[in-house]
Amino acid sequence: MNFNEEKDYIMRIIKEMAGVLFSLMLGKQYVAVEMDNENKYDVSGKALEDFEKMVDEGFINEAENLLLDSMDDTRKEDVLAAILFYQYISEKDHDFLAAHNYSKEEALEGIKRLAEKQGYGQINALLISSDD
């Protein structure tokens, strides 16, 4: 697997995890988590698009820290917003992420931690091993 294929693989895993987590948490089947529905999500009163704007401006680590520090793990909407946040990051290209000291691997680790905290840690091994 070359470098670009590996990055695409990580992005695909994150998107699959997002879809599975949305399905499990909302009790509906999601084929794909569409980003145009994200505007209804916020974390502690801060809109998801505000976190994404920080990412676009290169403040990826700061946005992640702010999101994780302000989210309530027991509030489904916060967790869903965080899932969308990591999916958004995974769609950025490697050069942009590297220029801002972040990686797709970090986004994958973030969404894996969310899954584990919500009691869905088993999907990590299931999705990752099914694509090998």
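The preceding data block contains the structure.
Draft legend 1. View of the overall build of the protein. Check the secondary structure of the protein and you find seven helices and two strands. Classification of the 132 residues of the protein by burial places 42% in the buried group. Within the protein, residue pairs in contact and separated by at least 24 positions form 68% of the contacts whose partners lie at least 6 positions apart. Just so you have it, the protein exposes about 7,000 Å², and 48% of that area is on carbon and sulfur atoms.

Draft legend 2. Highlighting the environment of alanine 107. Note that alanine 107 resides in helix 6 (residues 104-117). Taking the relative accessible area as the measure of exposure, alanine 107 reaches 0% and is therefore buried. The spacing of alanine 107 and isoleucine 14 is 93 residues in sequence and 7.8 Å in space, taken between C-alpha atoms. The residues touching alanine 107, leaving out its near neighbours within four places in the chain, are Ile14, Tyr86, Ile89 and Tyr102.

Draft legend 3. How the structure looks around the pattern of salt bridges. Within the structure shown, the criterion is met by seven salt bridges. For aspartate 56, the salt bridge is made with lysine 92, and the minimal N-O distance between the two is 2.6 Å. Placement of aspartate 56 in helix 2 (residues 48-56) and of lysine 92 in the loop between helix 4 (76-90) and helix 5 (94-99) is noted, with a sequence separation of 36 residues between them. Given the relative accessible area of 39%, aspartate 56 is considered partly exposed. Note that arginine 75 is salt-bridged to aspartate 78, the shortest N-O span being 2.2 Å. The class of arginine 75 is partly exposed, set by a relative accessible area of 30%. Each of the salt bridges in this network shares a partner with another, and the network as a whole consists of Asp42, Arg75 and Asp78.

Basis of the calculations
- Within each chain, residue numbers correspond to sequence positions counted from 1 in written order.
- Residue-level local features of this predicted model are given only where pLDDT is at least 70; pairs of side-chain atoms are given and counted only at 80 or more, and the full residue set underlies all totals for whole chains, interfaces and linings.
- Excluding hydrogens and water, the side-chain figures rest on all heavy atoms present in the structure.
- In this description a helix means any DSSP run of H or I spanning at least four residues, a strand means any run of E spanning at least two, and both kinds are numbered starting from the N terminus.
- Per-residue accessibility, obtained with a 1.4 Å probe over protein chains only, is compared with the maximum for each type, and a residue is labelled buried under 20%, exposed over 50%, and partly exposed between these values.
- A contact between two residues is defined here by any heavy atoms of the two lying within 4.5 Å.
- Here, Shrake-Rupley sampling with a 1.4 Å probe gives the accessible areas, and only protein chains in the shown set may cover a residue.
- Each reported salt bridge corresponds to a side-chain nitrogen of Lys or Arg within 4 Å of a carboxyl oxygen of Asp or Glu.

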